[in-house]
Each structure stands twice: as structure tokens, then as C-alpha cells.
Amino acid sequence: MNWSYLIKHWFSTLLVAPIISDIINYYYTDTRTLFNLTSVYPITVIFGLFFSLPTYIILGIIYYKLDKKNTKPLYIKPILLSICTIGIIISFSIAFNNREENIALSYSITSIFFGLIYKIENNDTNKNLNNN
């Protein structure tokens, strides 16, 4: 089992989504300020880390169970990305009471983008490496 997919996905989303959020807010809202979240970037990343922890704990459990069932990575990725997107939407709706749809959108887009780019190692490859 290769946990690097989830870790890379998590941190890439946390680091890039605030920038995407500022770009979306700049072009698609009336505020026209470019540095909302990036002006407090370290704080945004730290809050994002703790805020996303429940979603990524659930993703880790599901990833572990799917790996134990020898599910192909082709099927694991859409399952994880769907659950992650749902977790992002639920987290932002709870925290911001549906007032910050652009932020939830930016985190979802970023999560899907990096989730599709990163490769989940094949279960058979990992098991063969462990047996040698």
C-alpha cells in the first residue's frame, strides 16, 4: 500500500487551492481583490490542514479497505476523489454556512486536478516489493 498518493494529494490541495480561490474571486465576484486568502497564506494552510483532517482520515480508511480488497487503482481513484469532493463541500457548508461557495469550488477543483494527476501505485507492484 502506497500512502504517498494521499499525502501528495492532501498537501498539493492545501497549498494550491487558496491561490485558485483568489483567482476565482478576482474574476467572478464584484470584490476585485486578488489576495484574500494568500495574504494570510500560512494561516490559511494551517487552518486547511486541521479543517481537512476528518475528510482525509475517512479517505485513509477507505483507501486502506479498498487496498485490502485488491481493488484496482483505476477504481480507487474515482471513489477517493468523489468522497474527497463530498467531504470538502460538507466541511465548507458546516464552517461557512454556504456563504463561501467559491472557496469550496476552488478546493474541489484543485483536489480533483491533483487527484487525477498523481498516480496510485498498483497493489500487485507494492505486494511484490514487500515480498522480495
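Above: the structure in question.
Predicted model, so just to flag it, every value in this text is computed and none were measured.

Draft legend 1. Local environment of the nonpolar core. The biggest cluster of nonpolar side chains holds 21 residues, and the ones touching the most others in it are Tyr5 and Leu80. Counting residues per element, the ones that place at least two in this core are helix H1 (4–28), helix H2 (41–68), helix H3 (73–96) and helix H4 (101–117). For this core, the element with the most residues is H3, which contributes 6 residues. With residues near it in sequence (within four places) discarded, tyrosine 5 still touches Lys77, Leu80, Leu81, Gly115, Tyr118, Lys119 and Ile120.

Draft legend 2. Structural view of the environment of leucine 116. Topologically, leucine 116 is positioned in helix H4. According to the relative accessible area criterion, leucine 116 is exposed, its value standing at 54%. With residues near it in sequence (within four places) discarded, leucine 116 still touches Lys77 and Leu81.

Draft legend 3. Structural detail: H3. Its 24 residues place the ends of H3 34 Å apart at the C-alpha level, agreeing with the 34 Å of an ideal helix rising 1.5 Å per residue. Considered for burial, the residues of H3 that qualify are Pro73, Ile76, Lys77, Leu80, Leu81, Cys84, Thr85, Gly87, Ile88, Ser91 and Phe92. In the segment just after H3, asparagine 97 is the residue with positive phi, at about 55°.

Draft legend 4. Representation of the packing of aromatic side chains in the model. In the structure shown here, the tally under the stated rule is 8 aromatic pairs. Aromatic pair phenylalanine 92 and tyrosine 107: ring centres 5.3 Å apart, planes at 45°, arrangement tilted. Remark: tyrosine 107 occurs in helix H4 and phenylalanine 92 occurs in helix H3; sequence separation between them is 15 residues. Judged on exposure class, the residue phenylalanine 92 and its partner tyrosine 107 are both buried.

Draft legend 5. Region of the structure containing unusual backbone geometry. A positive phi angle, near 60°, is found at asparagine 70, a position not held by glycine. The topology assignment puts asparagine 70 in the loop between H2 and H3. You can call asparagine 70 partly exposed: its relative accessible area is 46%.

Draft legend 6. Molecular detail of a nonpolar patch on the surface. Nonpolar side chains collect at one region of the surface, where Trp3, Ile7, Phe11, Leu15 and Tyr64 lie side by side and expose about 480 Å² of accessible area between them. A per-element tally of the nonpolar patch places H1 first, with 3 residues. Considering the arrangement of structural elements, one finds phenylalanine 11 in helix H1. For phenylalanine 11, a relative accessible area of 37% gives the class partly exposed.

Criteria and cut-off values
- Residues numbered from 1 in each chain as written.
- Predicted model: local features only at pLDDT ≥ 70, side-chain atom pairs only at ≥ 80, totals over all residues.
- Heavy atoms only, no water.
- Core = buried A, V, L, I, M, F, W, Y, C linked by side-chain atoms within 4.5 Å.
- Buried < 20%, exposed > 50% of the residue type's maximum accessible area, 1.4 Å probe, protein only.
- Helix = DSSP H or I, 4+ residues; strand = E, 2+ residues; numbered from the N terminus.
- Contact = heavy atoms within 4.5 Å.
- Expected span 1.5 Å × (residues − 1).
- Phe/Tyr/Trp six-rings, centres within 6.5 Å; stacked < 30°, edge-to-face > 60°.
- Patch = residues over 30% accessible without salt bridge, like charges linked within 9 Å, V, L, I, M, F, W, Y side chains within 5 Å.
- Areas by Shrake-Rupley, 256 points an atom, 1.4 Å probe, with all protein chains shown as cover.
- Salt bridge = Lys/Arg side-chain N within 4 Å of Asp/Glu carboxyl O.

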